[in-house]
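Geometric and topological summary
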Amino acid sequence: MAQQREARGPANVVGAAVRGNDFWGRSDDVAQVWRQLERGSVLLTAPRRHGKSSLMHALADAPRDGWTVEYFDVEYVQTPRELLVELTAAVLAHDRLRTVLDKVKQAPGQLARWLGGVVSDVGLARDKIGELKIALRDGLGDGPSWAELTEQLLTLLDHADGHVLLVIDEFPMMVGNFLDREQADAIHFLKWFRAVRQRRGGDRLRFLLGGSVNIEPRLELLGQQALLADLERFPLRPLERSDAEAFVAAVLEAEGARHEIGVAAEIVRIADCGVPFFLQVLISEVMAEARRQRRGLLVPDIEPIYQDRVLGPGNRARFSHYHSRLKEHYGPLEEPARLVLDALVLDQPLTTRVLADAVARGGESAAVLDETLALLESDYYVDRDGDRVRFANGFLRSWWMRHAARSRGRL
Ligand SMILES: Nc1ncnc2c1ncn2[C@@H]1O[C@H](COP(=O)(O)OP(=O)(O)OP(=O)(O)O)[C@@H](O)[C@H]1O
Ligand SMILES: [Mg+2]
């Protein structure tokens, strides 16, 4: 079913989370997430660039009646203490939630002392959030435990009017950071957080946790998958093909891009995916070419532009996170991961036996294959179907082949 057009169509935003009129469609998804939130906290999952943050902002920008929503991002949070600072800053920056903290005077002494000092020093304007965080961090020092203070803060939120939704973007990335630093502490945090959710199961505080790392295969490997098992799941899917075509048509119209009939369908066919971002990258390349040639867009333009530009050197940087993520997060598993992906560039699907051989031939221990595949699956590089492993999508495989694979002698 075609989704409803906005009053002013979506501009071709390529990169930042989209809001307002640029946030196209997804009304069914928004409604579904709200339904799930009525029942409990939700884990929103999807690969990078699939539109998670945009969806989360949509909930925060237009809360349902009776809900107060605050969004914050924890990608760079490395410890539970830092999370407490982010959470507190988010609450203080929110006009309605902040009023709850007026009750802080009746709150337990530790919390009141910590917040009282900070608030009188910095004030509470939203544009001061950076300063606020620094002051909160400094004020926290090595004092009372993060767990206690966070509990006290959440207890205050229970006294807000109506429901409170805390949207925590990149939550799984943060858990990954915790796991990378100190596994035992990370598990302690997850146990604590589950207890917090369960104690509050029936009442009015909810969490929407989302991010581009699927932390579950990693927790499974540690035998700890139960720690997130209480969360409702919401996998954000690409647009259906007919919606994808309607979306491309809406963007072309909003951008005033002249084009012949069939261009929108051809863009979707060539991108071969309903992820708005991938479509928008292709749209921006075809519009740039049409501008250069001072003419409208033609159907036969699309495929060569995809091959030469979208997959070409100009877009290498836009997708370089595929490559840099392995460097930054995989430690000793970076090389085995690259060996796996290099093997899958040449042929796929491959069985784990064949991949174990490839890893061993590359001079690494085949014993780390399971752990490597769990990470690659967590980050949506690969899909596993029983024993068969393949790239998660064709675009990533083509990108890897052109820009990162050593099996083709690049890099
Ligand atoms: N509903 C939408 N309407 C229009 N464009 C969208 C929509 N959702 C996503 N996009 C496109 O996808 C891009 C990325 O969106 P967003 O930042 O929400 O994704 P993400 O999944 O949070 O990405 P990351 O994993 O990098 O955090 C946007 O810049 C925009 O081009
Ligand atoms: Mg995001």
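Residues numbered from 1 in each chain as written. Chains lettered and ligands numbered in written order. Predicted model: local features only at pLDDT ≥ 70, side-chain atom pairs only at ≥ 80, totals over all residues.

Looking at the pairing of strand β1 (residues 42-45)
As a reminder of what qualifies: Working definition of burial: number of other C-beta atoms within 10 Å of the residue's own, with buried at 20 or more, exposed at 12 or fewer, and partly exposed in between, all C-beta atoms being placed from the backbone. Runs of E in the DSSP output that reach at least two residues are strands. Runs of H or I that reach at least four are helices, and both are numbered from the N terminus. Note on pairing: two strands pair once DSSP finds at least 2 bridges between them.
Across the two faces of β1 the burial is the same, with Val42 and Leu44 and Leu43 and Thr45 all buried. By the bridge criterion, 4 bridges tie β1 to strand β4 (residues 205-211) in an arrangement that is parallel. In the sheet register, Leu44 faces β4, and the bridge partner there is Gly210. Sheet topology places β1 next to strand β5 (residues 232-235); 4 bridges connect them, and they run parallel. Looking across to β5, one finds that Thr45 is bridged to Pro235.

Some words on the sheet that holds β5
Applied cut-off: Here the axes come from fitting lines to C-alpha atoms, over the contacting stretch only for helices, and the angles between their N-to-C directions go from 0 to 180 degrees. Working definition of a contact: two residues with C-beta atoms, positioned from the backbone, lying within 7 Å.
Taken in spatial order, the 5 strands of this open sheet run β2-β3-β4-β1-β5, and their pairing is parallel. Looking along the sheet, the strands with just one partner apiece sit at the ends: β2 (67-73) and β5. Each neighbouring strand pair of the sheet contributes to a mean axis angle of 20 degrees, computed without reference to strand direction. Seen against the sheet, helix α1 (residues 27-39) touches β1, β3 (163-169), β4 and β5 and runs at an angle of roughly 170 degrees to β5.

What about the packing of helix α13 (residues 276-293) against helix α14 (residues 302-310)?
The test is simple: For this classification, under 35 degrees means roughly parallel, over 145 means roughly antiparallel, 65 to 115 means roughly perpendicular, and everything else is oblique. Any residue that is not Ala, Val, Leu, Ile, Met, Phe, Trp, Tyr, Cys, Pro, Asp, Glu, Lys or Arg is counted as polar, Gly included; the first ten are nonpolar and the last four charged.
For the pair α13 and α14, interaxial distance at closest approach is 10 Å and the crossing angle is 105 degrees. In terms of orientation, α13 lies roughly perpendicular with respect to α14. Contacts between α13 and α14 involve Val281, Leu282, Glu285, Val286 and Glu289 from the former and Ile302, Ile305, Tyr306, Arg309 and Val310 from the latter. Among the residues making up the contact of α13 with α14, the classes are represented as 7 nonpolar, no polar and 3 charged.

Quick look at the sheet that holds strand β6 (residues 350-351)
Ordered in space as β6-β8-β7, the 3 strands form an open sheet in which the pairing is antiparallel. With one partner strand each, in any of the chains shown, β6 and β7 (382-385) form the two edges of the open sheet. Across 4 bridges, the pairing between β7 and strand β8 (residues 388-391) is antiparallel. If you follow Asp385 over to β8, its bridge partner there is Arg388.

A few points about the site of ligand 1
As a reminder of what qualifies: In this analysis, residues qualify as near a molecule or strand once their C-beta atom, positioned from backbone atoms, comes within 6 Å of it. By convention here, the domain bounds are inherited from an automatic or database domain assignment.
Ligand 1 sits among 24 residues. The nearest are Gly51, Ser53, Ser54, Ser212 and Phe277. Residue assignment for the shell around ligand 1 shows that the elements contributing at least two residues are α2 (52-61) and α13. Per-class residue counts for the shell around ligand 1 are 11 nonpolar, 8 polar and 5 charged. When we break the shell around ligand 1 down by domain, the ones giving at least three residues each are domain 1 (25-235) and domain 2 (241-310).

Considering the domain arrangement of the protein chain
For the protein chain, the domain assignment lists domain 1 (25-235), domain 2 (241-310) and domain 3 (319-408). Between domain 1 and domain 3, the C-alpha centre-to-centre distance is 33 Å. Contact residues are listed per partner, giving 9 residues for domain 1 and 10 residues for domain 3. Looking at the side of domain 1 that touches domain 3 element by element, the count peaks at 3 residues for helix α10 (residues 216-221). Within the side of domain 1 that touches domain 3, the residues separate by chemical class into 5 nonpolar, 1 polar and 3 charged.

Section: the environment of Leu222
With respect to the helices, strands and loops of the structure, Leu222 is situated in the loop between α10 and β5. Among the residues examined, Leu222 registers 13 C-beta atoms within 10 Å and is labelled partly exposed.

What to know about the environment of Met174
Locating Met174 in the fold gives a position in helix α8 (residues 171-181). Beyond its immediate stretch of four places on either side in the chain, Met174 contacts Val74, Glu75, Val77 and Leu83.

So, the nonpolar core
The condition is simple: In plain words, the nonpolar core is the set of buried Ala, Val, Leu, Ile, Met, Phe, Trp, Tyr and Cys residues that C-beta atoms within 7 Å link up.
If you look at the biggest cluster of nonpolar residues, it comprises 116 residues, and the most contacted ones within it are Val167, Leu208, Val248, Ile267, Leu279, Leu282 and Val340. Excluding its chain neighbours within four sequence positions, the residues that come into contact with Ile267 are Val248, Leu279, Leu282, Ile283 and Ile302.

Quick word on helix α9 (residues 183-199)
Put simply, the rule reads: Expected span of a helix: the number of residues minus one, times 1.5 Å.
With 17 residues, α9 ought to run about 24 Å at 1.5 Å a step, and its terminal C-alpha atoms sit 24 Å apart, in line with that. The secondary structure elements touched by the buried residues of α9 are α3 (80-93) and α8.

Describing α2
In terms of burial, α2 is largely enclosed, as 8 of its 10 residues are buried. Those residues of α2 that fall on the buried side of the exposure criterion are Lys52, Ser53, Ser54, Leu55, Met56, Ala58, Leu59 and Ala60. Where α2 is buried, its residues meet α1, β1, β2, β3 and β4.

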